[in-house]
Amino acid sequence: MNIVVCVKYVPDATADRHFESDNTVDRKGVPGLLSELDEYAVEQALQLKEKAASGDGGDDVEVTALTVGPEDAAEAIKKALQMGADKGIHVVDDAIAGSDYLATSQVLAAAIEKIGDVDVVMCGMASTDATGSVVPAMLAERLDLPQVTLGSVIESQGSGDSWEFRIKRDGDTATEVIGATAPLVLSVTDQSGEARYPSFKGIMAAKKKPLDTWSLSDIGVDADKVGLDAAWSAVEGTEERPPRSQGEIVTDEDGSGATALVEFLASKKFI
Amino acid sequence: MSEVLVLVDHLDGKVRKPTYELLTIAKRLGEPSAVFIGGADKVDDAVAAVKKYGAEKVYVVDDAEIKGYLVAPKAEVLQQIAEKLGDSGPAAILIPSNAEGKEIAGRLAIKLESGLITDAVDVSASEGGEGPVTTQSVFAGSYTVQAKVTKGTPIITVKPNSAAPEESEGKAEQEEFKATISDSAKKAKIVASQPRKASGRPELNEAAIVVSGGRGTGGDFSEVEGLADSLGAAVGASRAAVDSGWIPHAFQIGQTGKVVSPQLYVANGISGAIQHRAGMQTSKTIVAVNKDEEAPIFELVDFGVVGDLHTVLPAATEEINKRKG
Ligand SMILES: Cc1cc2nc3c(=O)[nH]c(=O)nc-3n(C[C@H](O)[C@H](O)[C@H](O)COP(=O)(O)OP(=O)(O)OC[C@H]3O[C@@H](n4cnc5c(N)ncnc54)[C@H](O)[C@@H]3O)c2cc1C
Ligand SMILES: Nc1ncnc2c1ncn2[C@@H]1O[C@H](COP(=O)(O)O)[C@@H](O)[C@H]1O
């Protein structure tokens, strides 16, 4: 079985994030890292590998971590390799900067096609910068694969190239069980299970794992189809929201806190 | 005027409030056409509901061949309706910004070769008349962004509470639409479905007031629920409370839960981590009860009580109930 796990390199969500003057996300002024939500995808890919390997057939599974992003994005791949992925592919090209979801998904899909013979495309539930939760569905559309997304529980059964998947999907109004046969696109939520930390051994081993760099021409995508100028939507303006200013803080003493709270709510007409 | 397609968000035929918000927004952009994908026996109620909020047309699509599959068939339906409208197509396609809606929108954008904007919190007609301008709230609510679709039909997913629904009678002309669903859209099957139990409280996404609890509740949510009920509020939670198994994930507020923007948000025993803030810091008024005066949540509050929630909440609830008489 071949698993490709799509990982994104994002500005640290706990830092002060900003935009550049061209309204693209500032990816330099803030330290970047492997999107925390994609760690769950790497974890599920590794669990799948371990499960297949321990099955009757003792299947050989290869987990490839794939990212589309600037030079630094190789860091996201390295983290995935340290966690246990077998190899990495980094699609990097100046022309990609400023791409929208459509272009990003096109580049990812082309890279997945070039990797070839992929059984599972594993994604996170959302990137922590764009928070679109759309790329996995777009990959399913582009690759014409079943879309089995936002799984909080992932179950699989099979061997060799023949695998069935079932996920639990917690929707707005219902919890559903979604089933499909590989090859497919899976995405997993942060409820799917704690992601492992790289071990010392994993960190050492990662240094020797292959990490290939591909350009757009390597995957046969036209440079003028991607990037900021080719995007099908445009940011017209960004505005920093003024920080909230702290209001009144009271310390509760013998019930004074509750009284003050109720007074405040009443003064705002919430009662 | 061109049609603006609105995908109706409904639960077994019962139209949900975000649909009325989308119809209200659609009126700013053109003529609202609702797209109802559902059971044949639910059509009358749904049509009556969207008529009240200005739908001029209702495309009725029988879901017999659709409901057993995830997302993909619905994208095909919208594609086929949009293509039927000819070269100029719809002026925009508005879709509720929930998990399913965003995925439908993503697939549709590829099919129609059109630009996509997700999670809009406002949409207005542009002055020059060249398509809608959207407002989004990004980076955990620390920025607002104005954007526009520049190619094809603007496909926009709109978050709940983005507009106050305005009643206005539309013609609600019904058109049965027979969609052709491809085999490849049927590859991901819904094997089982368990509707979420109604809590009797307002929906988290739609509520004017949200009262939430975190690790500081120690696992007993009854005090949070008591305060919520006295205020007619929805109940929410931090991830720490969800991860501890105290309350289902559907109640989680934050980056990986729901993003809410109510008139009033009351955080109890919640420290205010950035991932939690991402889900609530655009609330109009923020109140917190926390026993640690250093808790970061206090940086955002309009009013804060440093104290033990186990004493403050029951006392406040009792006082509110007394005032209400
Ligand atoms: C990728 C990722 C995604 C995440 N997504 C989310 C998300 O969507 N939503 C979310 O909420 N978090 C999310 N988190 C987790 C987040 O970082 C915090 O860990 C979490 O919000 C903490 O929850 P808490 O405030 O309830 O708990 P804590 O941080 O432990 O805070 C508990 C607070 O309760 C106070 N307290 C204790 N006892 C009492 C008492 N008796 N009376 C009054 N106050 C009391 C304490 O002083 C403390 O401030 C995410 C984290 C990651 C890494
Ligand atoms: N540039 C990228 N490189 C690799 N994977 C990505 C990229 N962008 C998005 N993804 C994948 O798609 C998921 C959803 O992203 P998004 O739709 O941007 O919220 C992420 O969790 C990743 O698994």
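Shown above is the structure to which this text applies.
Residues numbered from 1 in each chain as written. Chains lettered and ligands numbered in written order. Predicted model: local features only at pLDDT ≥ 70, side-chain atom pairs only at ≥ 80, totals over all residues. Heavy atoms only, no water.

For the rest of this paragraph, the subject is the site of ligand 2. All names here are of chain A. If you check the shell around ligand 2, you find 20 residues, and the closest are Cys-6, Asp-38, Val-68, Ser-127 and Ser-133. Separating an oxygen atom of ligand 2 from a backbone N or O atom of Cys-6 is a distance of 2.7 Å. Within the backbone of Ser-133, an N or O atom sits 2.8 Å from an oxygen atom of ligand 2. In isolation ligand 2 exposes 480 Å². Once the protein is present, 98% of that is buried. Those elements that provide at least two residues to the shell around ligand 2 are strand 4 (62–68), helix 3 (101–115), strand 6 (120–124) and helix 4 (135–143). (Near = heavy atom within 4 Å. Polar contact = N/O pair within 3.5 Å; in protein donor to acceptor, adjacent residues only side chain to side chain. Areas by Shrake-Rupley, 256 points an atom, 1.4 Å probe, with all protein chains shown as cover. Helix = DSSP H or I, 4+ residues; strand = E, 2+ residues; numbered from the N terminus.)

So, on to helix 1 (residues 36–54) of chain A. Taking 1.5 Å of rise per residue, the 19 residues of helix 1 of chain A would be expected to cover 27 Å, and the 28 Å separating its terminal C-alpha atoms lies within 8% of that figure. Taken together, the buried positions of helix 1 of chain A are occupied by A:Leu37, A:Asp38, A:Glu39, A:Tyr40, A:Ala41, A:Val42, A:Glu43, A:Gln44, A:Ala45, A:Leu46, A:Leu48 and A:Ala52. (Expected span 1.5 Å × (residues − 1). Buried < 20%, exposed > 50% of the residue type's maximum accessible area, 1.4 Å probe, protein only.)

Here the focus is the environment of B:Ala208. Residues and elements named next belong to chain B. Summarising the element assignment, Ala-208 is placed in the loop between strand 12 (189–195) and strand 13 (209–213). With relative accessibility at 45%, the residue Ala-208 sits in the partly exposed group. Between the C-alpha atoms of Ala-208 and Ile-66, which are 142 residues apart in sequence, the distance is 34 Å.

Bringing the pairing of strand 6 of chain A into the picture now. All names here are of chain A. For strand 6, a buried count of 5 out of 5 residues is recorded, marking the element as mostly surrounded by other parts of the structure. Of the two faces of strand 6, the one holding Val-120, Met-122 and Gly-124 and the one holding Val-121 and Cys-123 are both buried throughout. When strand 1 (residues 2–6) meets strand 6, the two strands line up parallel, connected through 3 bridges. From the neighbouring strand, Val-4 faces strand 6, where its bridge partner is Val-121. (Pairing = 2+ DSSP bridges.)

Now for the site of ligand 1. What surrounds ligand 1 is a group of 28 residues, the closest being B:Arg215, B:Ser238, B:Ile253, B:Ser271 and B:Gln275. Residue neighbours of ligand 1 fall on chains A and B, so the site bridges chains. Between B:His276 and ligand 1, the recorded distance is 2.7 Å, taken from a side-chain N or O atom to an oxygen atom. B:Asp308 is positioned with one of its side-chain polar atoms (N or O) 2.9 Å from a nitrogen atom of ligand 1. The fraction of the free accessible surface of ligand 1 (990 Å²) that becomes covered by protein chains is 82%. Mapped onto the shell around ligand 1, the elements with two or more residues apiece are helix 1 of chain A together with helix 6 (239–243), helix 7 (274–277) and helix 8 (309–324) of chain B. Along the lines of polarity and charge, the residues of the shell around ligand 1 split into 7 nonpolar, 15 polar and 6 charged. (Nonpolar A, V, L, I, M, F, W, Y, C, P; charged D, E, K, R; others polar.)

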